[in-house]
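Inside the fold
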Amino acid sequence: MTTAHAAAPSPAAGPSSQGAGGRPAAAPAPRRAGSLRRPRAAGWLAVLPLIVFVLVVFGLPAFAILTNAFKTSPGAPGGRHWTTANLSQSVHGAYLTALWGSVKLSALTAAIGVLLGLPLAHAVVTSRFRALREGVLAASGVLANFGGVPLAFAFVATLGNSGELTRGLDLGKHGWSLYSFTGLAVVYLYFLVPLMVLTITPALDGLSSQLREAAQNNGATTRQYWLHVALPILAPSLMGGFVLLFGSAFAAYATAAAIVGSSVPLITLQIANALSGNVLAGQGNVALALSLDMIVIAGVVMALYIPLQRRSARWLH
Amino acid sequence: MAALTPPAGTAAQPAREAAGRRHRPRLWRGVVGLIAALYFLGPLLSSLLFTVDVPGQGFTLGSYSGILGAAGFWSSLRLTLELAAATIAVTMLLLVPALIAVRLTAPRLRVLVEVLCSLPLVVPAVALTAGISSVLQWGPDDFADTPLFQTFNTVQNPGFPVVLLLAYVLMALPLAYRTLDAGLRALDLTTLVEAARNCGASWPRAVLQVVLPNLRGALLNTGFLTLALVLGEYTVASILGYQPFAVWIVSIGGSNAQMSVSVSVLSLVLTWVLLLLLAAAGRGRSARPPRGTRTSPAAPAPTLQEKS
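The rules behind the values
Residues numbered from 1 in each chain as written. Chains lettered and ligands numbered in written order. Predicted model: local features only at pLDDT ≥ 70, side-chain atom pairs only at ≥ 80, totals over all residues. UniProt positions renumbered as here; feature names shortened; annotations may be inferred. Helix = DSSP H or I, 4+ residues; strand = E, 2+ residues; numbered from the N terminus. Contact = placed C-beta atoms within 7 Å. Buried ≥ 20, exposed ≤ 12 C-beta atoms within 10 Å, placed from the backbone. Core = buried A, V, L, I, M, F, W, Y, C linked by C-beta atoms within 7 Å. Axes fitted to C-alpha atoms, helices over the stretch in contact; angles between N-to-C directions. Parallel < 35°, antiparallel > 145°, perpendicular 65-115°, else oblique. Left-handed = near helix turned anticlockwise from the far one by under 90°. Nonpolar A, V, L, I, M, F, W, Y, C, P; charged D, E, K, R; others polar. Expected span 1.5 Å × (residues − 1). Bend = angle between axes of the 7 residues up to and from the residue. pLDDT = per-residue confidence, 0-100.

Going by what an unreviewed UniProt entry lists, chain B is known as Putative spermidine/putrescine transport system permease protein and is assigned to Actinacidiphila yanglinensis.

Going by the annotation in an unreviewed UniProt entry, the name recorded for chain A is Putative spermidine/putrescine transport system permease protein, with Actinacidiphila yanglinensis given as the source organism. Taken directly from UniProt, the Sequence similarities (unreviewed entry) text for chain A runs: "Belongs to the binding-protein-dependent transport system permease family. CysTW subfamily." Per UniProt, chain A carries the Subcellular location (unreviewed entry) text "Cell membrane".

1. Details of the overall build of chain A
Within chain A one finds 15 helices and zero strands. Restricting to contacts in chain A with at least 6 residues of sequence separation, those with at least 24 account for 76%.

2. A word on the overall build of chain B
Helices and strands together make up the secondary structure of chain B, namely 14 helices and two strands. Residue burial in chain B is summarised as follows: out of 308 residues, 41% are buried. Taking contacts inside chain B between residues at least 6 apart in sequence as the whole, the part at least 24 apart equals 76%.

3. Concerning the UniProt feature "transmembrane region" (unreviewed entry) in chain B
All names here are of chain B. Per the UniProt annotation, the sites labelled "transmembrane region" (unreviewed entry) are residues 31-52, 83-104, 111-138, 158-177, 218-241 and 261-281. In this annotation, residues 31-52 is assigned 100% helix and 0% strand; the end-to-end C-alpha distance for the span is 30 Å. Across residues 83-104, helical content stands at 100% and strand content at 0%; the span's end C-alpha atoms are separated by 32 Å.

4. Examining the nonpolar core
A:Leu192, A:Leu245, A:Ala256, A:Ile259, B:Ala98, B:Ala167 and B:Tyr168 are the most contacted members of the largest nonpolar core, which totals 171 residues. Sorting elements by how many residues they give to this core places helix H8 (residues 162-185) of chain B first, with 17 residues. Every residue in contact with B:Tyr168, bar those within four places of it in the chain, is listed here: B:Leu83, B:Thr87, B:Leu229, B:Val230 and B:Glu233.

5. Let's talk about the packing of helix H5 (residues 110-122) of chain B against H8(B)
All names here are of chain B. Packing of H5 against H8 leaves a shortest axis separation of 8 Å and a crossing angle of 125°. Classed by the angle they form, the pair H5 and H8 counts as oblique. For the crossing formed where H5 meets H8, the hand is left-handed. Contacts between H5 and H8 involve Cys117, Ser118, Pro120 and Leu121 on the former and, on the latter, Leu170, Met171, Leu173, Pro174 and Tyr177. By residue class, the composition of the contact of H5 with H8 is eight nonpolar, one polar and no charged.

6. Notes on the UniProt feature "transmembrane region" (unreviewed entry) in chain A
Taking the numbering used here, the UniProt-annotated feature "transmembrane region" (unreviewed entry) corresponds to residues 41-66, 105-125, 137-158, 178-204, 225-246, 252-275 and 287-308 of chain A. Between the C-alpha atoms that bound residues 225-246 of chain A the distance is 28 Å, and the span itself is 100% helix and 0% strand.

7. A short note on the environment of B:Ala98
By the element assignment, B:Ala98 lies in helix H4 (residues 73-104). In this structure the C-alpha to C-alpha distance between B:Ala98 and B:Pro147, which are 49 residues apart in sequence, comes to 32 Å. Excluding residues that lie within four positions of it along the chain, B:Ala98 makes contacts with A:Ala46, A:Val47, A:Leu50 and B:Val113.

8. Focus: the packing of H4(B) against helix H11 (residues 216-232) of chain B
Residues and elements named next belong to chain B. It is at 9 Å that the axes of H4 and H11 come closest, and there the two elements cross at 140°. Classified by the angle between their axes, H4 and H11 sit oblique to one another. The two elements H4 and H11 cross, and the hand of that crossing is right-handed. Contact residues: H4 offers Thr80, Leu83, Ala84, Thr87, Ile88, Thr91 and Met92, while H11 offers Leu219, Thr222, Gly223, Thr226, Leu227, Val230 and Leu231.

9. Concerning the environment of A:Ile259
Residues and elements named next belong to chain A. Mapped onto the fold, Ile259 is located in helix H13 (residues 254-260). Looking at Ile259, the number of C-beta atoms within 10 Å reads 23, which means it is buried. Spatially, the C-alpha atom of Ile259 lies 9.4 Å from that of Ser180, the residues being 79 residues apart in sequence.

10. Quick word on helix H12 (residues 222-251) of chain A
Taking 1.5 Å per residue as the helical rise, H12(A) with its 30 residues ought to reach 44 Å, whereas the 38 Å between its terminal C-alpha atoms falls clearly short. Most pronounced at A:Leu231, the bend in H12(A) amounts to some 50°, and the proline A:Pro232 follows within four residues.

11. Regarding the confidence of the model for chain B
All names here are of chain B. In the predicted model, chain B carries a mean pLDDT of 76, and 81% of its residues have values of at least 70. Looking at the elements of chain B, mean pLDDT is at its lowest for helix H1 (residues 13-21), recorded as 45, and at its highest for H4, recorded as 91. With pLDDT under 50 throughout, residues 1-22 is counted as low confidence; its partners more than four residues away or in other chains account for 22 contacts. In the model, residues 286-308 has pLDDT below 50 throughout and makes 46 contacts with residues more than four positions away in sequence or in other chains. Listed scores for the predicted complex are pTM 0.78 and ipTM 0.77.

Structure below.
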């Protein structure tokens, strides 16, 4: 997995399927064989199902969100017509609180995730024990992707009201509650830190040892090396990691739903609430307006991430 | 990895200096490792404790032995496994031909495919669900009198909700694309196929018997990550009102906290072990990582392989 990521620093580096094989001179002339030219139409044909699938399965819901967010809800008084009421409602009052809560939680946990993930990944990458490395990376893969519900229950059993640690250390008396903003942040880190480890490992692998030697030969201390060489090179990867973590925390729903119900205001919980009909009649489309808000934010996040990822590929090889 | 390389004989002064300094990084690394181990193993261990040490009953394995007989366990597990198998199959059938074609014959489609596969990243699962449920409402609202209405019913059939399958495939696309693309990148696909073709293999045969076996690692990886995604998926299923495995765990949590925790722990550990086996298998097959990834290109340089 990690090698896979490492091998793919910049997906759009160019259509160099021959170059990827790494035979600079002896490569068979790519345009020579007529047998390769023949199935050009077949190439389109092979991609077609994917295009159709995404157009339908992604396109239809996206279209529904885009149009219905600007329409009055079914069952609303006055029939169905175009309106911006949903959208303005989605950025006011309780919904604004939820949106802000989500952004705050995501930004905080992403920042802590980056700060904790970097030293952990570094310790793993430089470890002499290959088994440790494989084990940690595999576990990171599970926690970062699988997370959700099992994770929530593990934490309820540990730090919940009747959790082992809460009872053992009497944390309740000290004001601890898992079902709060802080509690949720602790749980989120459980899948964000592994995600950061997965994201930053290829970059740390690519940080060639010559750089360090060069710095040391020039008399740099470890601190100077990190401050002036390693961190500047890693900066795009770190920022890219932050953005990725932010997006991941922002979109998370299962963990929050299984732990706090709705006692912490989060945008995902509000959308699910609105979809399940727990809103006033005729306001169902607010859920779609909230979804649109989320998509806009997630879109901005992706737009920031892609150039950072390309940039981070420049120094690392 | 690199740290395993024995100190080269040529290592002169810098190496000795490093030996003197080595203590501090090792200590520091130990501290980081210890804290991480506490944080990441702690909840698992105390979950284990939570499930076997029930207040008032003392040590018991009841929450584990009761899993198999719990109401809804088998039906939800079956639904999830069916969905997972179907999701893996559809994802592969959509992606593998497309990615091979992009590399072999239609490089100009590459960007399009990449964008298509990255689009789902922009729409969080909750938002996707909102869109889907909005689309599903068109059925009774707008198509009630048309033959299309039957399609809406089929898609939502509770026995096998195709709508979940479609959503899961869409959600699996970004990760599957990355994994498969990286796998293909490590192959010299053009040469492979040309060699097969020159030996007289037909196109389907070249792909099925030459390319796919070489992609085994990436295919396994993709299948596994997709499986993990479907096993853990809660958002779409719970909001649309279906009850696969993850939703079932939450639903029993209300009445039997011990059991939901024990199921959670079991599924986490099981997934981890599977992924570990996969990593071991992948390492056994390709002893050397693909070019230009980890191996330092200038290995002979007298180095302090310690990167710390």
